[in-house]
Amino acid sequence: MRFIARHRKVLKRTIAVVCILLFCYFAFLTIRGNGGNVKSQVYSGIAMGTAVKKTIYAKDTTLLNQVDTLIDDTLKEFENQTSVRVKDSELSKINRTYVVGGITKASDNILDYLALELQIWRETEGAFSPCIYPITALWGIEDGAEKIPDDTELQKRILASDANNIELVEDGIVFNDADMSIDLGAVGKGAACDLVREQLVQTDIQGAVISIGGSILAYGDKGDGKDWHIGIQDPRGKTGDVFGIVDTDGNMVVSTSGDYEKYFELDEKRYHHIINPITGYPADNGLISVSVVCESGILSDALSTACFVLGLEEGMKYAEEKGVGAVFVTSDKEVYVTKNLKKKFRLQSDDYTIVKR
Ligand code: AMP
Ligand code: MG
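Bear in mind the structure is a predicted one, so any value in this text is a computation, not a measurement.

Rules and cut-offs
Residue indices follow the written sequence of each chain, beginning from 1 at its first position. Starting at A for chains and at 1 for ligands, labels are handed out in the order in which the entities are written. Where totals are concerned, whole chains, interfaces and linings use all residues; where local detail is concerned, this predicted model gives features only for residues with pLDDT of at least 70, and gives and counts side-chain atom pairs only at 80 or more. Only hydrogens and water are set aside; all other atoms, that is, all heavy atoms of the structure, feed into the side-chain values. Residues enter a patch when their relative accessible area is above 30% and they make no salt bridge; the linking distance is 9 Å between like charges and 5 Å between nonpolar side chains (Val, Leu, Ile, Met, Phe, Trp, Tyr). Where accessible areas are quoted, they stem from the Shrake-Rupley method and a 1.4 Å probe; at the residue level, only the protein chains shown are allowed to cover. Think of a salt bridge as a Lys or Arg side-chain nitrogen and an Asp or Glu carboxyl oxygen that are within 4 Å of each other. Secondary structure elements are taken from DSSP: a helix is a run of H or I of four residues or more, a strand is a run of E of two residues or more, and numbering for both begins at the N terminus. Think of it in three bands: with a 1.4 Å probe and only protein chains considered, a residue is buried below 20% of the maximum accessible area for its type, exposed above 50%, and partly exposed in between. Stacked, tilted and edge-to-face pairs are distinguished by plane angle, under 30 degrees for stacked and over 60 for edge-to-face with tilted covering the rest, among Phe, Tyr and Trp rings (Trp via its six-membered ring) whose centres lie within 6.5 Å. Here a residue is near a molecule or strand as soon as one of its heavy atoms is found within 4 Å of it. Polar contacts, as used here, are pairs of N or O atoms within 3.5 Å; protein pairs need one atom able to donate a hydrogen and one able to accept it. Residues neighboring in sequence count only if both atoms are side-chain atoms. As a working rule, the residues Ala, Val, Leu, Ile, Met, Phe, Trp, Tyr, Cys and Pro are called nonpolar, Asp, Glu, Lys and Arg charged, and the rest polar, with Gly in that last group.

The next point concerns a nonpolar patch on the surface. On the surface, I148, L266 and Y281 cluster together into a nonpolar patch covering about 230 Å² of accessible area. By the secondary structure assignment, Y281 is in the loop between β12 (269–272) and β13 (287–294). Classification of Y281 as partly exposed rests on a relative accessible area of 31%.

Following the criterion strictly, the structure yields nine aromatic pairs and no others. Taking 4.9 Å as the distance between ring centres and 40° as the angle between the ring planes, the aromatic pair formed by F243 and Y352 counts as tilted. Placement of F243 in strand β9 (residues 242–248) and of Y352 in the loop between β16 (345–347) and β17 (353–354) is noted, with a sequence separation of 109 residues between them. A residue is classified by how much of its surface remains accessible, and F243, at 0% relative accessible area, is buried. The buried category is assigned to Y352, whose relative accessible area is 4%.

All right, on to the site of ligand 1 then. Surrounding ligand 1, one finds 17 residues, the nearest of these being E142, D183, S257, I275 and T305. Residue E261 places a side-chain N or O atom 3.3 Å away from an oxygen atom belonging to ligand 1. At 2.7 Å, a backbone N or O of I275 approaches a nitrogen atom of ligand 1. Considering ligand 1 on its own, with 490 Å² of exposed area, one finds that the protein chains cover 95% of that surface. Looking at the shell around ligand 1, the element that brings in the most residues is helix α9 (residues 297–310), giving three residues. The residue makeup of the shell around ligand 1, split by class, is eight nonpolar, five polar and four charged.

Here it is, written out as structure tokens:
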């Protein structure tokens, strides 16, 4: 007691210093935790014929709405250039007006997208085709006129979907068949993620997660320097249900292709929108969903569709060869993850089982 009385002043000062230090420490943690007052805003809507959700993080709140509009404008412009659903898009005009054997001029964007699609077509030996539109149009799954096609007509359309009949030349495309139609549907959402990222780097936002249909762009961070946790749609759950989570840095796109996105059922059989160009029928190899994770949005989107058609064995092999991360789900709810993604993928649903190999 006498000791305390003697050193009261020193003790008081020490306690005050400790309190100030503790206060500073907790303030630092709080600031680091929210990135120094980073605010976020969620925007939901429809663009490119699909659901779009944007979660944007910025310190300057006036940026949130501005960036939302910037993304909408980017998607609108992209759709007007590349969509076969837009009658007057550049791509629709190319499909409508080309002359067999002549050079049809196309913008650099379309030529670049097509070049990548043709590469995937070659590498997958035709499991992926940039000219699939004549077949998908016949099935009517995209426009609500679903039907099982007449076989004679289907065989004609299979021939018209042969990418051997298009060539890329310096500033255009040469079509060598009269009934062809290029379709960028398998790469559009991922390519749009790339364009959105190009816009976002020019802004002062902290980060964003932009989901465009089956492709999700993870950009920057929340101000805390931490990874994003991207949920993957449960292929047999309700929209928004997640069966697994992928941890990614802020420069990644996760694209998912599944038999649940667009389909109709007849006699208890599901007919979906991802077509095997060789049979002309929806891919039917036991897979119900494939997700591909990589930096390039267009590649992740192209590969998710391609791997879905290739099936589990060939698809896993192809994904590993391309060096991307991938998650395959079979109709038995078995989940297969490529080696490079194992540490970054977590299952979230007891309905599914990860198969180790
Ligand atoms: P995704 O949802 O990215 O897998 O893309 C599916 C869309 O790609 C379909 O709606 C078609 O427009 C197109 N598509 C379907 N099957 C194929 C295929 N085998 N190769 C390329 N594109 C395809
Ligand atoms: Mg795709």
